[in-house]
Structure formats: structure tokens, C-alpha cells
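A look at the structure
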Amino acid sequence: MIIFNKKFLFALISVVTLSFLLVACGGGDDETDQSQGEDTSKESEGTEGSEGDANADIEEQTWRFITEETKGQVQYEYAAEFAKRISEKTDGKITVEPYEYGGLGSEVDQVKSLQQGAVQLAVMSPGFTGNMVKEGQLFALHFLFPDSVETTQEILNTSEALNTDLRARYEEHQISPLAFWTEGAMQWTSNVGIDEPADFEGLKMRVQESPLMMESYKAYGASPQALSWSELYTGLDRGTVEGQENPIFFIYDAAFHEVQDTMTISNHNNYVAMTTVNTDWYNGLPENVKTIVDDTVEEMQAWVFEEQKTQNEKLLEEMKNDTEHPTEIIELTEEQRAAFREKAVPLQDYYIENVSEVDGEILNKLKEEIKAATE
């Protein structure tokens, strides 16, 4: 009996020990499998549908973005903010390099660089493409847009005449405007003090490379001269030119107030800039990348409006308080502005008859859009 019990006990202990080992081994496998399953699940949850996955097929690349202004000014700051957003949206795979004015030549040189694909993006002023895209000269027409800069920006955002019809004209030259935006209302500076059209008589007024700009100032009796802005400070200082127009932020930041005694708050026009791309390059982008570009351009419309507003308001105050280079600020009354408007509005007919290649269709459509926005 005792012998049986010992044998039984030994057998029992053996079975229990074996079972324990089997359970321990099996349990370990189960835990490993479960752990692996949990890790896989967590990894999947962390990346499925994420921006990382969406950007997985984006190749690393660098885009050049040229502007007509320098660091701190609206166009350059726009390009810098655009670059930041593109980098964030692509996990750093796409680098956008902003270029200050002059880094790749004059305004005309920059237009050629974009057309030829040497750069991918550019902030461009229609005035410097006036000889190439005739319809774009409509931005030189004084008193065309509303006095309200906010309303003007709304029109620029939504206008079919500009964003569809005018864009098509630019695309004939390998330039695609993705957006139009204002850098603020234009003002005049001079040493004579402009408060009536007669003050322009014989004044050597600097303009961009736009035939219609020249005609606009001839209508006031001025003697307009095309000049790159890189030469403008020196030209004003030496008297090569005697007056110029620009938004307030640019007048002060470029130090034109140092060589001009007066600034006339005329609000006769808006300085309109375009966010442009090389057409073939843009059309060749993968759809996901093109969507990122389009979305970013759309987002930037509100951003750049606030940027120009802040800069124009801030630098107007600085100009008023500048005792080293005091500037007489002349603010036109509505009656005074009406005298300039009377001479400027007939230029719309001149544009239709002598500039437009589509019998003024784009201008007339834009005027209807402006009328609808201001009624």
C-alpha cells in the first residue's frame, strides 16, 4: 500500500510538473502573440488615414518662390509663410525657398524665369506683364475698384472675370495665377504736394512697364516714365523721376519718404499682386500635391489681407511720428478725389479700344461683378 502510494504520488507529481511546464510555455506563447497583436494594432491605429500615410508617396523636392519685395515686406512674408505651411503639410518633404527681390534679377527677369520653369512659383504684379498679357493692364485703371479694401479683396477672391477668364490669358504664356490679392490702397508721393490734377502737370511720374499706366498719368498731365523699383530711390533722390505711387507700407519701408516731402492719401487704386506658378509644372504635379498647393493658396488669402492691413496701419503711424524725415501727409477730400476720378474714368474706354484684345469683355464682366458686390 505504501509502495503503491509512493508510486502514485511520484506519478502525480510528474504529471503536475509536466502540466505546469506546458501551461507556462503555452501561456508565454499566448502572451507573446497577444503582445504582438496589440503592438500591430496600436501601430495601425497611429498611422491609418494619417497625414504621414498621405505623404508617403511625396518625393523630397525643393521649389523656388520669387517675390518683388524684400524681407519684412508683404510679398516676401507671404512667400515665407507659404513655405512654412507647405513644409508642415508634407512632413518636410517639400522645401519652398523664398527669394527676395533682386535675387534672380529684375521684375522682368523674374517673369521670364517663371515662364521658362527656372522657378516654380512667383508673386507677380500685373503691371510688369502689361506688354505680354494686355488684359492684365486693367489693374492700372484708377478708381475701378471700390474704396473699401475689404470689398476689393472679396472681389479678387471670387471674380470669375479674373480667376477664370484673365487666368486663361496668362496661361497662354506659361503663367497660372492661382490667386489675386491686394497689398493695400495706393498713395502718391512727391515734392510738390498733390491735391489736384493740375499738380501733376509736367511731373516726371514713375510707373511700371504698363502702357496703360502711362496713359493714366498722361490724363492728369504728368510725364510718366517706366522704372524698376530697384532704381526708384536713386531716381527720386536725383530727380530723374519726381513722383511715384505705392501702398503706404512700401513707401515707408523702402524709405521713399526720405527723398519725397509729401504723401497724398488718394486711394486712387489698389496694388494687386498675383500668386503665380509655372503652368506646365503645376499641371504636372501629382493630384495630392496639387491639392496641398491649392488649399494653401486659398488659406493664404485671409492671412495676407491681415498682413498688409497690419503693415500699412503700423507704418503710417511710424511715418507720422518720424521726426528725422518728416513727411507732410495730404488727405484728399471726396470732392478732391472726384476731380481725379473725372479724368481717370475715361481711360476705361481707352483700355477697351486700344489695349484689350477681347473688346473689353473681361473688364466689362469685372465691372458687373464690382457693381453686384457694392450694391
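Our structure is the block above this text.
As a starting point, this report considers the structure included with it. These figures come from a predicted structure and were not determined experimentally. (Residues numbered from 1 in each chain as written. Predicted model: local features only at pLDDT ≥ 70, side-chain atom pairs only at ≥ 80, totals over all residues. Heavy atoms only, no water.)

1. Re the side chain of Gln 260
Mapped onto the secondary structure, Gln 260 falls in the loop between α9 (248-253) and β8 (262-265). Owing to a relative accessible area of 2%, Gln 260 belongs among the buried residues under this scheme. At 3.2 Å, the side chain of Gln 260 forms a polar contact with the backbone nitrogen of Ser 190. Discounting residues that sit within four places of it in the chain, Gln 260 has contacts with Thr 189, Ser 190, Asn 191, Leu 236, Glu 242, Gly 243 and Gln 244. (Helix = DSSP H or I, 4+ residues; strand = E, 2+ residues; numbered from the N terminus. Buried < 20%, exposed > 50% of the residue type's maximum accessible area, 1.4 Å probe, protein only. Polar contact = N/O pair within 3.5 Å; in protein donor to acceptor, adjacent residues only side chain to side chain. Contact = heavy atoms within 4.5 Å.)

2. Topic: the pairing of strand β7 (residues 243-247)
Most of β7 sits out of view: five of its five residues are buried. Note that strand β4 (residues 175-190) and β7 share five bridges and pair antiparallel. Each bridged residue has a counterpart across the sheet, and for Trp 188 the counterpart in β7 is Glu 245. (Pairing = 2+ DSSP bridges.)

3. Remarks on unusual backbone geometry
Peptide bonds are, in most cases, trans, and in most cases residues other than glycine have a negative phi. For Gln 174, which is not a glycine, the phi torsion comes out positive at approximately 65°. Along the chain, the position of Gln 174 falls in the loop between α6 (160-171) and β4. A relative accessible area of 24% places Gln 174 in the partly exposed class. If you check the backbone angles, Ala 255 has positive phi at about 65° while not being a glycine. Turning to its location among the elements, Ala 255 is positioned in the loop between α9 and β8. For Ala 255, a relative accessible area of 14% puts it in the buried group.

4. What about the packing of aromatic side chains?
Scanning the entire structure with this criterion turns up 18 aromatic pairs. A connected cluster of aromatic rings, assembled from ring pairs, spans Tyr 101, Trp 229, Phe 249, Phe 250 and Phe 256. Sitting above the plane of the Tyr 282 ring, Lys 290 keeps its charged end 5.0 Å from the centroid. (Phe/Tyr/Trp six-rings, centres within 6.5 Å; stacked < 30°, edge-to-face > 60°. Lys NZ or Arg CZ within 6 Å of the ring centre and 35° of its normal.)

5. A closer look at the pattern of salt bridges
Applying the stated rule across the entire model yields 14 salt bridges. Residue Lys 365 pairs with Asp 165 through a salt bridge whose shortest N-O separation is 2.9 Å. Here Lys 365 is found in helix α14 (residues 361-374), whereas its partner Asp 165 is found in helix α6, with 200 residues between them in sequence. Lys 365 sits in the partly exposed class, given a relative accessible area of 29%. Assessed through its relative accessible area of 24%, Asp 165 is described here as partly exposed. In this structure, Lys 320 engages Glu 317 in a salt bridge whose closest nitrogen and oxygen atoms are separated by 3.9 Å. With Lys 320 and Glu 317 both in helix α11 (residues 287-320), this residue pair falls three residues apart, about one helical turn. Look at Lys 320 and you get partly exposed, because its relative accessible area is 49%. Exposure remark for Glu 317: the relative accessible area of 41% places this residue in the partly exposed category. Here the salt bridges do not stand alone but share partners, grouping Glu 81, Arg 85, Lys 89 and Glu 299 into one network. (Salt bridge = Lys/Arg side-chain N within 4 Å of Asp/Glu carboxyl O.)

In short, geometric facts, not functional conclusions.
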